[in-house]
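Take a look at the letters that make up each chain.
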Amino acid sequence: MASEPPFDPADPAPDTTDPREAAEPAPPDVADLKRERDELYDRFLRKSAEFENYRRRVERERREQADQAVVDILQELLIVVDDFDRALTVEPGADDGAYRKGVELIDAKLHDLLRKYKVRPFESLGVDFDPNIHQAVMHEASPDRREGEVIGELQRGYMIGDKLLRPAMVKVAKA
């Protein structure tokens, strides 16, 4: 039978604590937890306010950009209006060829302005009626045309990029 070594008072006391208990931190003080909660809540409120301010600023900037875009296009359009005003001051009976040429130049300027903003007319005559881009304002019996064919354009339609800006007002054939 094995005997235990004799007791030596100089030896340190044997460790009887569970190592798992020693690794656990002491429970935090309730006051510390409340202070930490209050700090986190304060930080949350500040971040929420910052985000709300950011959202408002972005919305305001977006409105300002849209307003500026409208102002820019209107200023360019006013140049064409000025040309029309000058054309209207020409005396009746003046050189009709020069007058027509002047109006054609104004028309070209206006179409250049539309192209600059990616606005383009689309062709409607001879195509099948499409309710997505056409607005039928008249139907006319036409035996030599197919049912639903656009046979007249009362007002031209326009696209801006791939989006419809204004539908074409058309006359549609019916059998």
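This text goes with the structure placed above it.
Definitions and limits used
- Residues numbered from 1 in each chain as written.
- Predicted model: local features only at pLDDT ≥ 70, side-chain atom pairs only at ≥ 80, totals over all residues.
- Heavy atoms only, no water.
- Helix = DSSP H or I, 4+ residues; strand = E, 2+ residues; numbered from the N terminus.
- Buried < 20%, exposed > 50% of the residue type's maximum accessible area, 1.4 Å probe, protein only.
- Contact = heavy atoms within 4.5 Å.
- Areas by Shrake-Rupley, 256 points an atom, 1.4 Å probe, with all protein chains shown as cover.
- Salt bridge = Lys/Arg side-chain N within 4 Å of Asp/Glu carboxyl O.
- Pairing = 2+ DSSP bridges.
- Axes fitted to C-alpha atoms, helices over the stretch in contact; angles between N-to-C directions.
- Expected span 1.5 Å × (residues − 1).

**Some points on the overall build of the protein chain**
Along its length, the protein chain carries 3 helices and 6 strands. Reading the secondary structure of the protein chain in the N-to-C direction produces α-α-α-β-β-β-β-β-β. Among the 175 residues that make up the protein chain, the fraction classed as buried is 13%. Taking the intrachain contacts of the protein chain between residues at least 6 apart in sequence as the baseline, contacts between residues at least 24 apart amount to 58%. On the protein chain, roughly 14,600 Å² of surface is accessible, and the fraction owed to carbon and sulfur atoms is 56%.

**Description of the pattern of salt bridges**
For the coordinates displayed, the defined rule picks out 21 salt bridges. Notably, a salt bridge pairs K116 with E76, separated by 3.0 Å at the nearest N-O pair. Placement of K116 in helix α3 (residues 96–116) and of E76 in helix α2 (residues 30–88) is noted, with a sequence separation of 40 residues between them. Residue class for K116 comes out exposed when judged on its relative accessible area of 51%. Relative accessible area serves as the criterion here: at 22%, E76 is assigned to the partly exposed category. When the shortest N-O distance is used, the salt bridge between R146 and E149 registers 3.2 Å. Exposure remark for R146: the relative accessible area of 42% places this residue in the partly exposed category. Residues joined in a network through salt bridges with shared partners are D128, R145, R146 and E149.

**Quick notes on the sheet that holds strand β1 (residues 119–122)**
With antiparallel pairing, the 3 strands of this open sheet are ordered in space as β1-β4-β5. Strands with a single pairing partner mark the edges of an open sheet, and in this sheet they are β1 and β5 (163–166). On average, each strand axis in the sheet is tilted by 40° relative to the strand beside it, whichever way the strands run. As paired strands, β1 and strand β4 (residues 157–160) are joined by 4 bridges and run antiparallel to one another. Paired with F122 across the strands is G157, a residue of β4.

**Observations concerning unusual backbone geometry**
Phi at K118 is positive, roughly 60°, even though this residue is not glycine. Here K118 lies in the loop between α3 and β1.

**With respect to the sheet that holds strand β2 (residues 134–141)**
A sheet is described by the order of its strands in space; here 3 strands give the open sequence β2-β6-β3, paired in mixed fashion. Of all strands in the sheet, those with a lone pairing partner are β2 and β3 (150–155), marking the two edges. Neighbour-to-neighbour, the strand axes of this sheet turn through a mean angle of 30°, independent of strand direction. One ladder, built from 4 bridges, connects β3 with strand β6 (residues 168–174); its direction is antiparallel. From the neighbouring strand, E153 faces β6, where its bridge partner is V170.

**Digging into α3**
The end-to-end C-alpha distance of α3 is 30 Å, a good match for the 30 Å that 21 residues give at a rise of 1.5 Å each. Positive phi shows up at K118, right after α3, with a value of about 60°.

**A closer look at the pairing of β6**
Looking along a regular strand, one sees side chains alternate from face to face of the sheet. Most of β6 sits inside the fold, with 5 of its 7 residues counted as buried. Sheet analysis places β2 next to β6, joined by 7 bridges and oriented parallel. The partner of H134 across the bridge, within β6, is A168.

These figures come from the coordinates and say nothing about function on their own.
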